[in-house]
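# Summary of the model geometry
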Amino acid sequence: MSPLFQRLRRRRLFQWGLAYLAGAWLVFQGTEVLAEPWNLSVAVQRTIHVLLGAGFLITVVLAWYHGEKGRQRVSGLELLILAGILAIGGAAVVLFGRGPQGGAAAARSESVPSALSRKSVAVLPFVNVGGDSEDEIFSDGITFDIINHLSKIADLKVISRTSIMQYKNTQLSLSEVAEELGVATVLEGEVQKVGDRIRINVQLVDAQTDRHIWAEQYNRVVEDVFAVQSEVARKIALALQATMTEEVGERIARVPTGNLEAYNSYLLGRHWWNRRTAEGLEQAIGYFEDAIQRDSTFVLAYAGLADTYVLLPWYGDWQSSSVYPKALAAARRAVELDGGSGEARTSLAIVRLWYEWDFRGAEAEFERAIELSPSYATAHGWYAASLTYQKRFDEAIARSRIALALDPLSAIIGTNLGDNLYYARRYDEAIEQYVGTLELHPDFVYARRRLGQAYLQKQMYEEAEAELTKASRLNAVLAGVYTAQGRREEAHAVLEAAAEGSLESQLYALVGVGDIDGAFEVLGQAFERRAVWLLEYPALDPYFDGLRADARFMALRNRYGLE
């Protein structure tokens, strides 16, 4: 036996080491078990693992110096070192155990429990038992309102209405729905409306075991429907052991409107708003205005109206200067009526971003909105846009992923995540995201256009041309594709066609053929009109790298207060 091995044996290093590893293994397993119920962050778990590794090294050193002849005498200083390690670990759990608590730099993932958490729920569209098509809006309204209430509870992950409605009349099993949406539990419901009475049956189901966690039946007059919705939300939170503050409980108990017809108009407005088309937005305005006319204190209707006006310049020929003052007025009115509404705060935030170009003000409003409604996917998605405009790409991507986890079937949120990856020059990931979105929504033209642009940056010209042509027969970005391939005549044909279109299309075509002077003329007009897309396309798109390299670009941004 070698002298070294004999010394190790005399000093009992093996016994010390094995004893420590056994204890460390128990601590490691305990950390894994407590990670979810204590909501331990990844950083804390890693800190504990590092400390366990450091403790092993210290144990070996102590054994070497104190293990002779079985005497394990340890000095007070050494005990102090070991106690310090334990104290640091305990402090890490106390200080950081619940993850980041806010701040502009962090996408607050603690606001949305993980998909594997039991505290995650999808509220499926309630079934209209009566079969009357006029009552369909009523049953959908119950679904939406319960989702809205639950989204205010920070301890829950709640799937947004956009994704939920795609499971209306689904033939999928609950486990299949839960797997697609990334939740552990599903709420089902049936509504029967007869005259001025309603009967509502609800049941909360564990999607993995098909076990009923909670069920209830309500027989009420129609006017009590909002109280029923609030009660259902509270009982779901209780059944899932979700923490709910007194303030949140009070907000959940508030009645959005006492006028059911106004509420029906609001629901129809959101339906058309989610279409993300020029025609749909025009329809939405009419419904939101009807809701406000019926109830002038209806906060959600004002927020919906503001959200619609801010989207108009993105989807049609409306100028920001003509519609954004209306958006601002509606958003301010919503906040005046209820400063504790996450939807109202989100509306005000996006107006401050796209109309006032106030990044700090918008960020403060987004953070307040998410604090009030942690599962409101729109707030997360628009906040990601704000971060992208500031070139804080990692934060923007993280925030977009939260939004998509809350609304996994949303065409626009899925595409916007691809946009953030694209602007960060992560083209392969962007392409994968765009393709995945198009698999769910093959007719979503915006995603196809963005996919074509990502292919262009990868110099995959055939693929780029195919996607851009599908998006639009004369898509202006094709000018860049044709120029890169030496197809000058076709590129200029695109330019001529774009001359009759929007300033945005003209800019893409002019840059595509290399006419930088012409591009700056168009860019100057866009700044005079305060076009909202100036915050994004020319500022971030790799397609415009050559334009940004010109000193005139920075001069324009400085003149209009963007730098």
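Look a little higher up for the structure.
Residues numbered from 1 in each chain as written. Predicted model: local features only at pLDDT ≥ 70, side-chain atom pairs only at ≥ 80, totals over all residues. Heavy atoms only, no water.

### Here's the deal with the overall build of the chain
To be explicit about the condition: Counting from the N terminus, the helices are DSSP H or I runs at least four residues long and the strands are E runs at least two residues long. Throughout this description, buried means an accessible area under 20% of the type-specific maximum (1.4 Å probe, protein chains only), exposed means over 50%, and partly exposed covers the range between. Contacts are assigned to residue pairs with any non-hydrogen atoms lying within 4.5 Å of each other. Computed by Shrake-Rupley with a 1.4 Å probe, the accessible areas treat only the displayed protein chains as cover when residues are assessed.
The number of helices and strands found in the chain is 28 helices and 6 strands. For the chain, buried positions account for 53% of its 563 residues. Sequence separation of at least 24 residues holds for 62% of the intrachain contacts in the chain that already meet a minimum separation of 6. Approximately 25,700 Å² of the chain is accessible, and the part contributed by carbon and sulfur atoms is 53%.

### Digging into the nonpolar core
Soluble, globular proteins show a tendency: their nonpolar side chains are buried together. As a reminder, the rule being used: We call a set of buried Ala, Val, Leu, Ile, Met, Phe, Trp, Tyr and Cys residues a nonpolar core when their side-chain atoms join them within 4.5 Å.
If you look at the biggest cluster of nonpolar residues, it comprises 164 residues, and the most contacted ones within it are Leu150, Leu187 and Trp354. A per-element tally of this core places helix α12 (residues 299-315) first, with 10 residues. Residue contacts for leucine 187: discarding those within four places in its chain leaves Val121, Ala122, Val123, Leu124, Phe126, Ile146, Val202, Gln203, Leu204, Trp214, Val232 and Ile236.

### What about the pattern of salt bridges?
The cut-off we apply is this: Salt bridges are identified by distance alone: a Lys or Arg side-chain nitrogen within 4 Å of an Asp or Glu carboxyl oxygen.
Under the defined criterion, the tally for this structure stands at 30 salt bridges. Arginine 270 is paired through a salt bridge with aspartate 307; the nearest N and O atoms lie 2.9 Å apart. Of this pair, arginine 270 sits in helix α10 (residues 260-273) while aspartate 307 is found in helix α12, placing the two residues 37 residues apart along the sequence. Its relative accessible area of 5% is what places arginine 270 among the buried residues.

### Regarding the pairing of strand β4 (residues 185-194)
What counts, and what does not: In short, DSSP must find at least two bridges between two strands for them to pair.
Strand direction decides the pairing type here: strand β1 (residues 120-123) and β4, joined by 3 bridges, are parallel. Bridge pairing links alanine 122 to valine 186 in β4. One ladder, built from 2 bridges, connects strand β2 (residues 127-128) with β4; its direction is parallel. What sits directly across from asparagine 128, in β4, is valine 191. As paired elements, β4 and strand β5 (residues 197-206) share 10 bridges and run antiparallel to each other. By the bridge assignment for β5, valine 194 is matched with arginine 197. Between the antiparallel neighbours β4 and β5 lie 2 residues, among them glycine 195 with a positive phi of about 60°.

### Side note on the side chain of threonine 437
Tracing the sequence through the fold places threonine 437 in helix α19 (residues 427-440). By relative accessible area, threonine 437 is classed as buried at 3%.

### Concerning empty space enclosed by the protein
Where we set the bar: Whether a set of points on the 1 Å grid over the protein atoms alone is a cavity depends on a 1.4 Å probe fitting there but being unable to get out, while an open set qualifies as a pocket with protein on both sides within 12 Å along at least five of seven lines; lining residues are those with an atom within 4 Å of a point. Grid points are joined across faces, edges and corners, and a volume is the space filled by probe spheres set on the points. In this count, Pro and Cys sit with the nonpolar residues alongside Ala, Val, Leu, Ile, Met, Phe, Trp and Tyr, while Asp, Glu, Lys and Arg are called charged and the others, Gly among them, polar.
As enumerated under the stated definition, the model contains 1 cavity of 30 Å³ or more in all. Size it by volume and the largest cavity reaches roughly 50 Å³. Those elements that provide at least two residues to the lining of the largest cavity are α5 (136-150), α8 (225-239) and α10. The residue makeup of the lining of the largest cavity, split by class, is 6 nonpolar, 3 polar and no charged.

### Structural notes on helix α18 (residues 411-423)
What counts here: By this rule, a helix spans an expected 1.5 Å times one less than how many residues it contains.
When the terminal C-alpha atoms of α18 are compared, their 18 Å separation across 13 residues agrees well with the 18 Å that a helix rising 1.5 Å per residue should span. What α18 keeps buried is the set Ala411, Ile412, Ile413, Gly414, Thr415, Leu417, Gly418, Asp419, Asn420, Leu421, Tyr422 and Tyr423. In this structure, the buried side of α18 is in contact with α12, α16 (377-389), α17 (393-406), α19, α20 (445-457) and α26 (537-540). The positive-phi residue at the C-terminal boundary of α18 is arginine 425, with phi of around 70°.

### Remarks on the side chain of aspartate 206
Selection criterion: Here the positive residues are Lys and Arg and the negative ones are Asp and Glu; neither His nor the chain ends is included. As used in this structure description, the phrase polar contact means that two N or O atoms lie within 3.5 Å; if the pair is within protein, one of them must be able to donate a hydrogen and the other to accept it, and residues adjacent in sequence are counted only when both atoms belong to side chains.
Along the chain, aspartate 206 falls in strand β5. In this structure aspartate 206 is buried but unpaired, with arginine 211 as the nearest side chain of opposite charge at 4.3 Å. Polar contacts involving the side chain of aspartate 206 include one to the main-chain amide nitrogen of threonine 209, which spans 3.3 Å. Other than its neighbours up to four places away in sequence, aspartate 206 contacts Ala184, Thr185, Arg211 and Ile213.

### Let's talk about unusual backbone geometry
Of note, the phi angle at asparagine 169 is positive, near 60°, even though the residue is not glycine. Tracing the sequence through the fold places asparagine 169 in the loop between α6 (161-164) and α7 (174-181). Given the relative accessible area of 66%, asparagine 169 is considered exposed. We note that glutamine 459 has phi near 60°; this positive angle belongs to a residue other than glycine. Along the chain, glutamine 459 turns up in the loop between α20 and α21 (461-471).

### Quick look at helix α23 (residues 488-498)
Cut-off, in case you're wondering: Think of it as the arc spanned by the lines of direction from the helix axis to the C-beta atoms.
All of the buried residues in α23 are Ala491, Val494, Leu495 and Ala498. Buried residues of α23 fall within an arc of 100° about the axis and therefore sit on the same side. Set apart from the buried face of α23 by more than 90 degrees, the exposed residues are Glu489 and Glu496. On its buried face, α23 is in contact with α22 (478-484) and α24 (503-513).

### As for the pairing of β1
Neither face of β1 is left uncovered, since the one carrying Ser120 and Ala122 and the one carrying Val121 and Val123 both have all their residues buried. The pairing of β1 with strand β3 (residues 157-158) spans 2 bridges and is parallel. In the strand pairing of β3, valine 121 is matched with valine 158.

### Description of the environment of leucine 172
Looking at where leucine 172 falls in the secondary structure, it is placed in the loop between α6 and α7. Apart from the residues lying within four places of it in its own chain, the contact partners of leucine 172 are Tyr167, Val177 and Glu180.

### Describing the packing of aromatic side chains
As a reminder, the rule being used: Here is the rule: rings of Phe, Tyr and Trp (six-membered ring for Trp) pair when centre to centre is within 6.5 Å. Planes less than 30 degrees apart are stacked, more than 60 are edge-to-face, and the remainder are tilted.
In total, this model carries 20 aromatic pairs according to the counting rule given. Measuring from ring centre to ring centre gives 5.2 Å for tryptophan 314 and tryptophan 354, while their planes differ by 55°; the resulting arrangement is tilted. A residue pair is termed long-range when its members are at least 10 positions apart, and tryptophan 314 in helix α12 and tryptophan 354 in helix α14 (residues 342-354) qualify at 40 residues. The class for tryptophan 314 is partly exposed, based on a relative accessible area of 22%. Every member of this aromatic cluster is reached through a ring pair, and the members are Trp273, Trp314, Trp354, Trp382, Tyr508, Tyr537, Tyr543 and Phe544.

Just distances and angles here, no functional claims.
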